[in-house]
Structure formats: structure tokens, C-alpha cells
Amino acid sequence: MSKAFASQADLADKQITFEQLSPHCWAYTAEGDPNSGVIIGEKFIMVSDATATPAMARDLIARIREVSDKPIKYVLLTHYHAVRVLGASAFFAEGATEVIASQGTAELIAERGKEDMQSEMDRFPRLFRNAESVPGLTWPTMVIGGGDPNVGEVPGKLTVDLGGVKVQIWHPGNGHTRGDTIAWVEEEKVLFSGDLVEYNAGVYTGDAHLAEWPATLEALRSLQAEALVPGRGEALKGAEQVNKALDYTKRWVETLYRCACEAAQANMDLKAAMEHTRKSMDPVFGHVFIYEHCLPFDVSRAYDEARGIKTPRVWTAERDKEMWESLQA
């Protein structure tokens, strides 16, 4: 392979920032690495996205303990990807009794969680540096049912009272995965989007529903958030910055999918589709963190969807490397 596979060459530690966005909401970010959100109430704490390993989660816990000794009762899985969920077990010793996920996320864990765990461990050696601390798949204890709002169905919604602050949790529509779940603190206008929204970082779409994603982003825009913790990238403060992040993600998704549709219509093979997509994507996004990691997986999924494959195919460690080699040859 002419380029190091995925993020295997990305071994330098990132600088972590833990910042307060509102009276109860905090952002845990690290220069384009996966983010976590923290909501601290008078009785309980909720963490949105549990990090990649229990060893990594212990750093997040240490930051939380600098500002609160309340039990970290709730862990929200914004989606099923291993890099977001496999650190959850570290929170049990801190008072966690509920791991919350959407029905779609629970189904994806059962359907492809094992394959995704091995796939992501191979892609992100730095983030899974302490993989031996992972006890296995993370399973939700509280599942939010309900339908897809993009097709007129009523989504299930859970409101959690942490004491002095309420958190609304629901699936706003398909996008990054079919199970994406957000946390919304309406009184403070703070949104925790998971990987539905990124900013100045690669937008991974390997398990995405690209045609539906823009409508889901507009549903998030309608909330009129004044602070946003995206899946990757710095926390956004102010409505203008929040809209910039939504616009950034939407532009990535729409540009990628348009190029894939053009490639499918022209009957290009995957490698030609990749070259065609680069012409539009590289000048705009080529400089951002994790771009070169994401793009091969993104083009593969977008090309599938453009050719009518509605359900994303399962990524395995073997499929990852076969795809990578075919595009780098």
C-alpha cells in the first residue's frame, strides 16, 4: 500500500480540551479526535459518547471529577461505532446504571458490532492503545424506540432529569448511521450531535445514509442551538458558528454523494469514482484532520448508495484492507 492504512500512521497524542459551554454543559475535545459531551446536574451526570477504551475514559472521568463528585449515572451512545462506545464500562464504577441508545443503534450493535470492533481497532491503533482494557461489546440498558421523522414517523423521545437540568434524547433521522441519537439541553440551547455533525475534520460516511443526511441536518438546524459539541472538531459557541458546522457537514455529504451519483451514472469502477470525487473534495476538504483516512471508506459507501444499495454493507477488517489496497494500487 502506497499510503499507511487508515490512521495507522497517526500515533502522536492530541491536546485535550475540557471546556464549559453553559451552566451545565461541557465539551471534551482533542484536535479532531472523537469528542465526548458532559452534562452535570445537581443529582447526576450524563456522558455523551464513552470514548474508545476504558483506559481512555478514565482521563475523561478525571476531568469530570475536577468539577463534580456527582454520580455519572447515564452514558449515551450517539451511535454504535466502537471508537465511541467501548469505553463505557469505565463509568460503572462512577455510578453508571443506564447506557442509553436508539433502537437503530441497538440493532446495529447486534448486527455488526463485533465486526466493527475489530475493524476500528485496526484502523485506529493510537485510540485503541489500551485495547486489552475493553471487556467486549457495549450493550444498551435503555433503548429508545420510535420511527424515522424523515418519513413522517414519530420518533421515540426520552427526557432525563439530572437535577436542575433536563436532557432530551432522540433519533432525529438517518445520517452518519441509521441509529444516530442526539442530546439536547433546550433551556441552555446546547446540542450534542455525535457524528451527525463535524467541523474542520473528516466526515466519516462508511455506514451512512447520504441521501437522507441533509434533511436530518436541517432538523438539527431548526433547534436553533447556540452551542454544539460535534463528533469531531472544536466545540462551537454562538449560533453563527453552529450553523457553520452544519453547513460544513452538509457540503461534505452533498458533494460526496453528487460525485458518487455521477460516477455511477457514467458506469465508472470504484477507483475511477475515487479519482472523480477527489477533483471536487480535495480542494475544499483535503487539508482537514483524518481526511485521507475517511475518503476511501466514504467513496465506497457513496458509490454503493448511488447504485441502489440502501443498507450499508458490513465493514470487516478484511474488507477494509481489500478496499484500501484496491484504491491505492
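For the structure itself, look to the data block above.
**Topic: the nonpolar core**
Piece 1. Grouped together as the largest cluster of nonpolar side chains are 81 residues, with contacts concentrated most on Val38, Phe91 and Trp252.
Piece 2. For this core, the leading source of residues is helix H5 (residues 239-265), giving 10 residues.
Piece 3. Filtering out sequence-adjacent residues up to four positions away, tryptophan 252 remains in contact with Ala201, Gly202, Val203, Thr205, Met281, Phe285, Val288, Tyr291, Cys294 and Asp298.
Piece 4. Of all hydrophobic cores here, the second largest spans 21 residues; its members include Val160, Val165, Val185 and Phe192.

**Notes on the pattern of salt bridges**
Opposite charge on two side chains allows them to pair when their charged atoms are near.
Piece 1. Throughout the structure, instances matching the rule amount to 25 salt bridges.
Piece 2. Between arginine 84 and aspartate 49 there is a salt bridge, with the nearest N and O atoms lying 3.7 Å from each other. Of this pair, arginine 84 sits in helix H2 (residues 82-85) while aspartate 49 sits in the loop between strand S4 (45-48) and helix H1 (54-65), and the two are 35 residues apart along the sequence.
Piece 3. For arginine 84, a relative accessible area of 1% gives the class buried.
Piece 4. For aspartate 49, a relative accessible area of 3% puts it in the buried group.
Piece 5. The salt bridge partner of aspartate 69 is lysine 70, with a shortest N-O separation of 3.8 Å.
Piece 6. Among the ionic contacts, a cluster of salt bridges with common partners joins Glu107, Glu111, Arg112, Arg178 and Asp207.

**A look at the pairing of strand S12 (residues 227-230)**
Piece 1. Side chains Ala227 and Val229 of S12 all project onto a buried face; the interleaved residues Leu228 and Pro230 project onto the opposite face, where all are buried too.
Piece 2. Here four bridges tie strand S11 (residues 190-194) to S12, and the two strands are oriented parallel to one another. Bridging from a neighbouring strand, phenylalanine 192 pairs with valine 229 of S12.
Piece 3. As for the winding sense of the linkage, the β-α-β connection from S11 through helix H4 (residues 213-221) to S12 is right-handed.
Piece 4. Relative to strand S13 (residues 236-237), S12 runs antiparallel, the two being bridged by two bridges. Paired with alanine 227 across the strands is lysine 237, a residue of S13.
Piece 5. Between S12 and S13, which pair antiparallel one after the other, the connecting turn spans five residues, and glycine 233 there sits at a positive phi close to 100 degrees.

**A short note on helix H8 (residues 317-328)**
Piece 1. Between the first and last C-alpha of H8 there are 17 Å, a value that for 12 residues agrees with the 16 Å anticipated at 1.5 Å per step.
Piece 2. Residues Ala317, Arg319, Asp320, Met323, Trp324, Leu327 and Gln328 constitute the buried set of H8. The buried side chains of H8 occupy one side of the element, clustering within an arc of 165 degrees when seen end-on. Away from the buried face of H8 by more than 90 degrees, exposed residues Glu318 and Glu322 are located.
Piece 3. Looking at the buried residues of H8, the elements they touch are helix H3 (103-123), helix H6 (270-285) and helix H7 (291-306).

**Re the side chain of aspartate 33**
Piece 1. By secondary structure assignment, the location of aspartate 33 is in the loop between strand S2 (25-29) and strand S3 (36-40).
Piece 2. When its relative accessible area of 8% is taken as the criterion, aspartate 33 is described as buried.
Piece 3. A polar side-chain atom of aspartate 33 sits 2.8 Å from a polar atom in the side chain of arginine 126.
Piece 4. Those residues in contact with aspartate 33 that sit more than four places away from it in its chain are Lys14, Arg126, Leu127, Gly231, Arg232 and Phe289.

**Some details on H7**
Residues lying three or four places apart along an α-helix face the same way, a consequence of the helix completing one turn every 3.6 residues.
Piece 1. Between its terminal C-alpha atoms H7 stretches 21 Å, which fits the 22 Å expected from 16 residues at 1.5 Å a residue.
Piece 2. The element H7 is extensively covered by neighbouring structure, given that 14 of its 16 residues are classed as buried.
Piece 3. Note on H7: the residue one or two positions beyond its end, glycine 308, has a positive phi of about 95 degrees.

**Focus on the packing of aromatic side chains**
Each aromatic ring pair is summarised here by two numbers: the centre-to-centre distance and the angle between the ring planes.
Piece 1. Under the definition given, this model contains 11 aromatic pairs.
Piece 2. Look at phenylalanine 18 and tryptophan 26: their rings are 4.9 Å apart centre to centre, the planes differ by 20 degrees, and that puts the pair in the stacked class. Accessibility classification places phenylalanine 18 together with tryptophan 26 in one group, the buried group.
Piece 3. Taken together, a centroid distance of 5.8 Å and an interplanar angle of 75 degrees make the contact between tryptophan 252 and tyrosine 291 edge-to-face.

**A few points about the sheet that holds strand S8 (residues 157-161)**
Piece 1. With mixed pairing, six strands are arranged side by side in an open sheet as S8-S9-S10-S11-S12-S13. Of all the strands in the sheet, just S8 and S13 have a single pairing partner and so form its edges.
Piece 2. Pairing of S8 with strand S9 (residues 166-170), which is carried by five bridges, proceeds in the antiparallel orientation. Paired with lysine 157 across the strands is tryptophan 170, a residue of S9.

**Description of the sheet that holds strand S1 (residues 17-20)**
Piece 1. Read from one edge to the other, the open sheet built from seven strands follows the order S1-S2-S3-S4-S5-S6-S7, with strand pairing classed as mixed. The open sheet has two edge strands with one neighbour each: S1 and strand S7 (142-144). On average, adjacent strands in this sheet sit at an angle of 20 degrees to one another, irrespective of strand direction.
Piece 2. By the bridge criterion, four bridges tie S4 to strand S5 (residues 72-76) in an arrangement that is parallel. Residue methionine 46 lies in a different strand from S5, and its bridge partner there is tyrosine 74.
Piece 3. Contacts from H3 reach strand S6 (98-102) and S7, with the element oriented near 95 degrees to S6.

Parameters at a glance
Per chain, residue numbering runs from 1 following the sequence as it is written. Owing to the predicted nature of the model, reporting of local features is limited to residues with pLDDT of at least 70; listing and counting of side-chain atom pairs is limited to 80 or more, with chain, interface and lining totals taken over all residues. Processing note: side-chain calculations cover all non-hydrogen atoms of the structure and skip hydrogens and water entirely. Residue types Ala, Val, Leu, Ile, Met, Phe, Trp, Tyr and Cys, when buried and joined through side-chain atoms within 4.5 Å, form a set referred to as a nonpolar core. Exposed residues in this analysis have more than 50% of their type's maximum accessible area, buried residues have under 20%, and partly exposed residues fall in between, with area computed by a 1.4 Å probe over protein chains only. Helix numbering and strand numbering both begin at the N terminus, where a helix is a DSSP run of H or I of at least 4 residues and a strand a DSSP run of E of at least 2. Residues are treated as being in contact if the distance between any of their heavy atoms lies within 4.5 Å. Salt bridges are defined as contacts in which a side-chain nitrogen from Lys or Arg sits within 4 Å of a carboxyl oxygen from Asp or Glu. Note on pairing: DSSP must find at least two bridges between two strands before they are called paired. Here the term right-handed applies to a crossover when the path leading from its first strand over the helix to its second strand runs clockwise, the strands being oriented away from the viewer. Any helix carries an expected span of 1.5 Å times its number of residues minus one. Arc definition: directions from the helix axis to the C-beta atoms. Counting of polar contacts relies on pairs of N or O atoms within 3.5 Å, with two restrictions inside protein: one atom must be capable of donating a hydrogen and the other of accepting it, and residues adjacent in sequence are counted only when both atoms are side-chain atoms. Within 6.5 Å between ring centres, the rings of Phe, Tyr and Trp (the latter by its six-membered ring) count as paired, and their orientation is classed by plane angle as stacked under 30 degrees, edge-to-face over 60, tilted in between. Fitted lines through C-alpha atoms serve as axes, helices being fitted only where they are in contact, and the angles separating the N-to-C directions of these axes extend from 0 to 180 degrees.

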